[in-house]
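# Commentary on secondary and tertiary structure
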Protein chains: 2
Amino acid sequence: MKVGLDIMGGDYAPESTVKGAILAKQENPKIEIVLLGDEEIVRATLTENGGSVDDFTLVHCSQEVTMHDHPTRFLAQKPDSGIAKGFKLLKSGEIDALASAGNTGAMWVGSLYTVNAIAGIIRPCITSILPKLDGGQGVILDVGANADCKADVLYQFGILGSIYAKEVYGIENPRVGLLNIGEEEEKGNLLSQAAHELMKGTNDFNFVGNIEGRDLFSDESDVVVCDGFTGNVVLKQAEAVYTIHKKRKIEDEYFNRFNYELYGGTPVLGVNGNVIIGHGISSPKAIKNMIFHAADVIAADLPGKIKKALNNE
Amino acid sequence: MKVGLDIMGGDYAPESTVKGAILAKQENPKIEIVLLGDEEIVRATLTENGGSVDDFTLVHCSQEVTMHDHPTRFLAQKPDSGIAKGFKLLKSGEIDALASAGNTGAMWVGSLYTVNAIAGIIRPCITSILPKLDGGQGVILDVGANADCKADVLYQFGILGSIYAKEVYGIENPRVGLLNIGEEEEKGNLLSQAAHELMKGTNDFNFVGNIEGRDLFSDESDVVVCDGFTGNVVLKQAEAVYTIHKKRKIEDEYFNRFNYELYGGTPVLGVNGNVIIGHGISSPKAIKNMIFHAADVIAADLPGKIKKALNNE
């Protein structure tokens, strides 16, 4: 399997990305890593950090997508950037996944414009991890790609999240909870009430009812479904708690699992290809884990599983 | 000042409520506490816990609002309950505040049906505390009373929150942030985009722009405004983090400030009276602090300040 890595993506690129690629290759030589970036920079950074060009495939890209590039314009304006070229290679099957810790908007829009949403998927989405107190972990979606959602979109998130939890995290028959502000089914805002109505009694996934903010980290669900606005606030609040722990030098095994570096990145769920978006502040360790997560996602064949689930409906 | 306390409100009532009243009276004898409940139960519980009937005013209530009572029906069905009678006394001015850790829906609807929303207030709301890393504290509103909000409602929350932060917590010219999923003004869902547009350049409060989930506990704002759905998820997620700390025996000065017992209760903002809602699981300490918070809220004259602010518009 070939993982394409955008060398210029992330606040600490290209050092962090190249170092991360070297770490990943050392730990798992079987993963073919395709480095997308200016060849001169890639070679120099590899050499500086004790890496060997022979361990990687290099694809020269003369342009770079920055945080200032507009997500809907970079494909036309910077066709020779790592991200744009990466999407081309992903679409043609020359790489099996594209990973970047760079411009999230560009990665998102690039997914929708190149490999496209899977037929029948109303809105693809992005996810995050919810470390569970009992040692397991859950996923939450959407965490920011879709600020406004309708009930049928949340319903599909239930399908997408179930497939992701099962195929990538090995959770059998994942329990899907709807994030809400009360346990009773009539509670909530108009969206969650309508979504509950759609989910109740479904055979498409294992719906376990409403989940409150206090249940996010408990063992009541494996998949938490919400609109991207709420999910993004939840995710960033959890990140804030982790940051405060580090600042206050609180060392705790459970809260250490909130370290984004351990997960590396999140796939765009619901598109015809494996696209992994990393955190802007990614360290080499985070990049390494993003590459490993890309490999897991490739092995899981999420697009194939999603298509199959939609056809079974 | 007279604080009416619903003796039967809360999971551990009447022990917790009566004990809390005794503690409050011991610590601050100046607060007159009016105990609303079955006189026999109140007398017995006072005696059992070393309290004296002479320290309190007793108002006998033959009925009790439970968690199963419907919020919109209890006023008609249980007019002699502590909450219903309390609202009557509040409206007539015989008590200056009504406090209960019981049926939140009943307290909320009771506020709207008896003392009523202040003229010009579209939707009253409830708040919670955000402990700030630098030692201060902020407030967030709404945290659950209004699951669906429009932009003008969020705008008014900016006014209500500013008055509360200033008059009760002594924060001069409180900085109001709009909870959103990006710092840039065009970010967000339709609601937050519209609210940002309304708030930008306002003279009614000190708007400082968008606040992300990661900024909830930092010193960038004193008042965080959001719809009640998002705010409720934020509040309960913060409660979950505190609960996990206790479970894992992590003792930290900062995170200990998330203990709801320290705050006791939250006022219903935007109604013609001082109504304080406590946490269902309130301990005696929480009840004591709810009574103290009621006293602070009475002293602040929030309804008067809110009316003044609306007339100045």
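Here is a short report on the structure shown in this document.

What counts and what doesn't
- Residues numbered from 1 in each chain as written.
- Chains lettered and ligands numbered in written order.
- Predicted model: local features only at pLDDT ≥ 70, side-chain atom pairs only at ≥ 80, totals over all residues.
- Heavy atoms only, no water.
- Helix = DSSP H or I, 4+ residues; strand = E, 2+ residues; numbered from the N terminus.
- Rg over C-alpha atoms; globule rule 2.2 N^0.38 Å.
- Contact = heavy atoms within 4.5 Å.
- Areas by Shrake-Rupley, 256 points an atom, 1.4 Å probe, with all protein chains shown as cover.
- Lys, Arg positive; Asp, Glu negative; His and termini not counted.
- Charge placed at Lys NZ, Arg CZ, Asp CG, Glu CD.
- Pairing = 2+ DSSP bridges.
- Axes fitted to C-alpha atoms, helices over the stretch in contact; angles between N-to-C directions.
- Buried < 20%, exposed > 50% of the residue type's maximum accessible area, 1.4 Å probe, protein only.
- Phe/Tyr/Trp six-rings, centres within 6.5 Å; stacked < 30°, edge-to-face > 60°.
- Least-squares fit on C-alpha atoms with pLDDT ≥ 70 in both.

Okay, the overall build of chain A next. Within chain A one finds eleven helices and eleven strands. A compact globule built from 313 residues should have a C-alpha radius of gyration of about 20 Å, and chain A, at 19 Å, falls within 12% of that. At a minimum sequence separation of 6, the contacts of chain A that also span at least 24 residues come to 68%. When the accessible surface of chain A is totalled, it reaches about 12,200 Å², and 48% of it is carbon and sulfur. Taking the average location of the 29 positive side-chain charges in chain A and that of its 42 negative ones, the two points are 2 Å from each other.

Turning our attention to the sheet that holds strand β9 (residues 223-225) of chain B. All names here are of chain B. Within the open sheet, the eleven strands sit side by side as β3-β2-β1-β4-β11-β10-β5-β6-β9-β7-β8. Their pairing is mixed. One side of each edge strand has no neighbouring strand; the edge strands of this open sheet are β3 (57-60) and β8 (206-211). Taken over all neighbouring pairs, the strand axes of this sheet differ in orientation by 30° on average, direction set aside. In the sheet, strand β1 (residues 2-6) pairs with strand β4 (residues 97-100) via three bridges, with the strands oriented parallel. Its bridge partner being in β4, Val 3 is matched across the sheet by Ala 97. Sheet strands touched by helix α7 (residues 190-199): β7 (175-179), β8 and β9. Its angle to β7, the strand with the most contacts, is close to 155°. On the sheet, helix α10 (residues 284-300) packs against β1, β2 (32-37), β4, β10 (265-269) and β11 (274-278) and is oriented at approximately 145° with respect to β1.

Residues in a regular strand point their side chains to alternate faces of the sheet. Residues and elements named next belong to chain A. For strand β6 (residues 137-141), the tally of buried residues reaches four of five residues, placing the bulk of the element in the interior. As paired elements, strand β5 (residues 125-131) and β6 share five bridges and run antiparallel to each other. Note on β6: the bridge partner recorded for Ser 128 is Ile 140. The turn linking β5 back onto β6 is made up of five residues, and Gly 135 within it adopts a positive phi angle of 110°. Direction of pairing for β6 relative to strand β9 (residues 223-225): parallel, over a ladder of three bridges. In the strand pairing of β9, Ile 140 is matched with Val 224.

Remark: the centre distance and the inter-plane angle together describe each pair of aromatic rings, the angle taken between the planes. Residue and element names in this part refer to chain B. Evaluated as defined, the whole model comprises twelve aromatic pairs over all chains. Considering the side-chain rings of Tyr 155 and Phe 205, the 5.2 Å spacing of their centres and the 55° angle between planes classify their relative orientation as tilted. Separated by 50 residues along the polypeptide, Tyr 155 in helix α6 (residues 151-169) and Phe 205 in the loop between α7 and β8 bring together distant segments of the chain. In terms of burial, Tyr 155 and Phe 205 fall into one category: buried.

Placing chain A over chain B gives an RMSD of 0.0 Å and needs a rotation angle of 180°, together with 0.0 Å of translation along the axis. Taken together, the rotation and translation relating the two chain copies correspond to the operation of a two-fold axis. Within chain A, A:Thr230 has its C-alpha nearest the rotation axis, a separation of 2.9 Å. Take the interface residues of chain A: 100% of them recur as interface residues in chain B, which is what a same-surface contact looks like.

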